[in-house]
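Observations on the three-dimensional arrangement
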Amino acid sequence: MLNELVPCPLSLHPLIADPSATKHILRRFKLRAVKGLGQNFLIDAQIVRRIVEAAEISPGEDVLEIGAGIGSLTQGLLEAGANVTAIELDKKLPAVLKETLAGYENFRLIEGDVLKINLSELMPKAFKVAANLPYYITTQILLALLEKNLPVTKIVTMVQREVAERMTAVPNSKIYGALSVAVRLRSQPRIAFDVEPKSFLPPPEITSSVVVCDVRKPPFEIVDEEFFTKVVRAAFAQRRKTLLNSLTASGFNREKILTSGIDSSLRAENLSLEDFAKLSAALKS
Ligand code: SAM
């Protein structure tokens, strides 16, 4: 039945990222997009192509996709020759994917919640991430990918435009926060392009953006990464307050803050990554 649909440009597989194909698949499996799971399926083959291009995939490369949906992006990654491991939480979708991605050999589906799966065990060798993330847990997923020292080399994700701006924000701006620090500490992020609501079914209420993060080691030594993260989060917890006030409110030692070498009358948003590293080293001592 699916074979009646438009074939992929370079293969004989029916194209999934297409409005009528997606409607057809949903109807056929008696499915509706589940809002609570952040289901906005890509129906725009050009956007799939641009995400795959942004991921710079070489044939045979391992790619982790978070939230396969009905396989729209997965198909683009598979057509580029990637070995795709896709995680999907919705129990109704494996049966759909079995049919929509039938015939692709380099595909493995893991059923479950990405936040509960041990990603180091799942992806032990160098891999890239390509995903149209479920918006309700975007930040947790990004932090799980960045803070666990996984062998990930590149993360290409569709997120809400506002999250993309926070991910790529620099110091001294109102949107620079704990997420910006986490992302910039471990990667070089850039917004690749914006995506209009009409590229999805159902269309979300907001514009989305695709962000590319080239993952790298922190540019300087962080004495204790977990402690560093605690300091950053505490500093931004009350972002309108001075560092002295926000950090003492979270129980950090006043004397150590005052002698850290960082001006404690500043706000968290004024600190560079290196300032945070210096501050956390002083607080840890
Ligand atoms: N990749 C597909 C596409 O581009 O059309 C679907 C993207 S949709 C925005 C997000 C997908 O993530 C949905 O299929 C949803 O069921 C799945 N999802 C939601 N929460 C998840 C979780 N905790 N773990 C794994 N997948 C999840």
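Residues numbered from 1 in each chain as written. Predicted model: local features only at pLDDT ≥ 70, side-chain atom pairs only at ≥ 80, totals over all residues. Heavy atoms only, no water.

1. A few points about the sheet that holds strand β4 (residues 107-111)
- Taken in spatial order, the seven strands make up an open sheet running β4-β3-β2-β5-β6-β9-β7, and their pairing is mixed. This sheet does not close on itself; its edge strands, each paired only once, are β4 and β7 (187-195). Neighbour-to-neighbour, the strand axes of this sheet turn through a mean angle of 20 degrees, independent of strand direction.
- Relative to strand β3 (residues 83-88), strand β2 (residues 62-66) runs parallel, the two sharing five bridges. Within β3, the residue paired with I66 across the bridge is I87.
- Packing of helix α8 (residues 178-186) onto the sheet brings it into contact with β7 and β9 (208-215), and relative to β7 it is tilted by some 115 degrees. (Pairing = 2+ DSSP bridges. Helix = DSSP H or I, 4+ residues; strand = E, 2+ residues; numbered from the N terminus. Axes fitted to C-alpha atoms, helices over the stretch in contact; angles between N-to-C directions. Contact = heavy atoms within 4.5 Å.)

2. Focus: the packing of aromatic side chains
- Under the definition given, this model contains three aromatic pairs.
- Both rings, one in Y176 and one in F236, keep their centres 5.8 Å apart while their planes meet at 80 degrees; by these two values the pair is edge-to-face. One end of the pair, Y176, is in the loop between α7 (161-167) and α8; the other, F236, is in helix α9 (residues 225-237), and 60 residues separate them in sequence.
- Exposure remark for Y176: the relative accessible area of 1% places this residue in the buried category.
- Centroid distance F236 to F276: 5.7 Å. Interplanar angle 40 degrees. Geometry classified as tilted. Taken as a pair, F236 in helix α9 and F276 in helix α12 (residues 273-284) lie far apart in primary sequence, 40 residues in all. (Phe/Tyr/Trp six-rings, centres within 6.5 Å; stacked < 30°, edge-to-face > 60°. Buried < 20%, exposed > 50% of the residue type's maximum accessible area, 1.4 Å probe, protein only.)

3. Quick word on the pairing of β4
- Bridge count between β3 and β4: five bridges; the pairing is parallel. Bridge pairing in β4 places V84 opposite F107.
- With respect to chirality, the unit in which β3 leads through helix α4 (residues 93-100) into the neighbouring parallel β4 is right-handed. (Right-handed = clockwise from strand over helix to strand, strands pointing away.)

4. Overview of the site of the ligand
- Around the ligand, the surrounding shell holds 24 residues, and the nearest of these are L42, G67, E88, D113 and Y136.
- Between the ligand and the protein, one listed contact pairs a nitrogen atom with a backbone N or O atom of L89 at 3.4 Å.
- For the ligand, the accessible surface in isolation is 600 Å², of which the surrounding protein chains cover 99%.
- Mapped onto the shell around the ligand, the elements with two or more residues apiece are β1 (41-42) and β3.
- Looking at the shell around the ligand residue by residue, the class counts come to twelve nonpolar, eight polar and four charged. (Near = heavy atom within 4 Å. Polar contact = N/O pair within 3.5 Å; in protein donor to acceptor, adjacent residues only side chain to side chain. Areas by Shrake-Rupley, 256 points an atom, 1.4 Å probe, with all protein chains shown as cover. Nonpolar A, V, L, I, M, F, W, Y, C, P; charged D, E, K, R; others polar.)

5. Some thoughts on the pattern of salt bridges
- Scanning all chains against the criterion turns up 14 salt bridges.
- With its nearest N and O atoms 2.5 Å apart, the salt bridge here joins R28 to E99. With R28 in helix α1 (residues 19-28) and E99 in helix α4, the pair connects residues that are 71 residues apart, well separated along the chain.
- Exposure remark for E99: the relative accessible area of 29% places this residue in the partly exposed category. (Salt bridge = Lys/Arg side-chain N within 4 Å of Asp/Glu carboxyl O.)

6. Regarding the nonpolar core
- Among the nonpolar cores identified, the biggest contains 40 residues, and I51, I70, L77 and M158 are the most heavily contacted of them.
- With five residues, helix α2 (residues 45-54) is the largest single contributor of residues to this core.
- Apart from residues lying up to four places away in sequence, I51 is in contact with L42, L73, V156, M158, F193 and V210.
- Listed in part, the 29 residues of the second largest apolar core include L119, L122, A131 and A164. (Core = buried A, V, L, I, M, F, W, Y, C linked by side-chain atoms within 4.5 Å.)

7. Digging into the domain arrangement of the protein
- One can read the domain layout of the protein as domain 1 (2-215) and domain 2 (225-284).
- Measuring from the centre of the C-alpha atoms in domain 1 to the corresponding centre in domain 2 gives 35 Å.
- Taken together, the contact between domain 1 and domain 2 spans 14 residues of the former and 15 residues of the latter.
- Between domain 1 and domain 2, the buried area comes to about 1,200 Å², and carbon and sulfur atoms account for 52% of it.
- Looking at the side of domain 1 facing domain 2, the largest losses of area belong to K174, Y176 and V181, adding up to 37% of the total buried there.
- Between R233 and E147 there is a salt bridge whose closest N-O contact spans 3.5 Å.
- Counting across the domain 1 and domain 2 interface gives seven residue pairs in polar contact (both at pLDDT 80 or more).
- At the level of secondary structure, the elements contributing two or more residues to the side of domain 1 that touches domain 2 comprise α6 (138-147) and α8.
- Here the side of domain 1 that touches domain 2 gets five residues from one element, more than from any other, and that element is α8. (Domains from an automatic or database assignment. Buried area = accessible area lost by both parts, 1.4 Å probe.)

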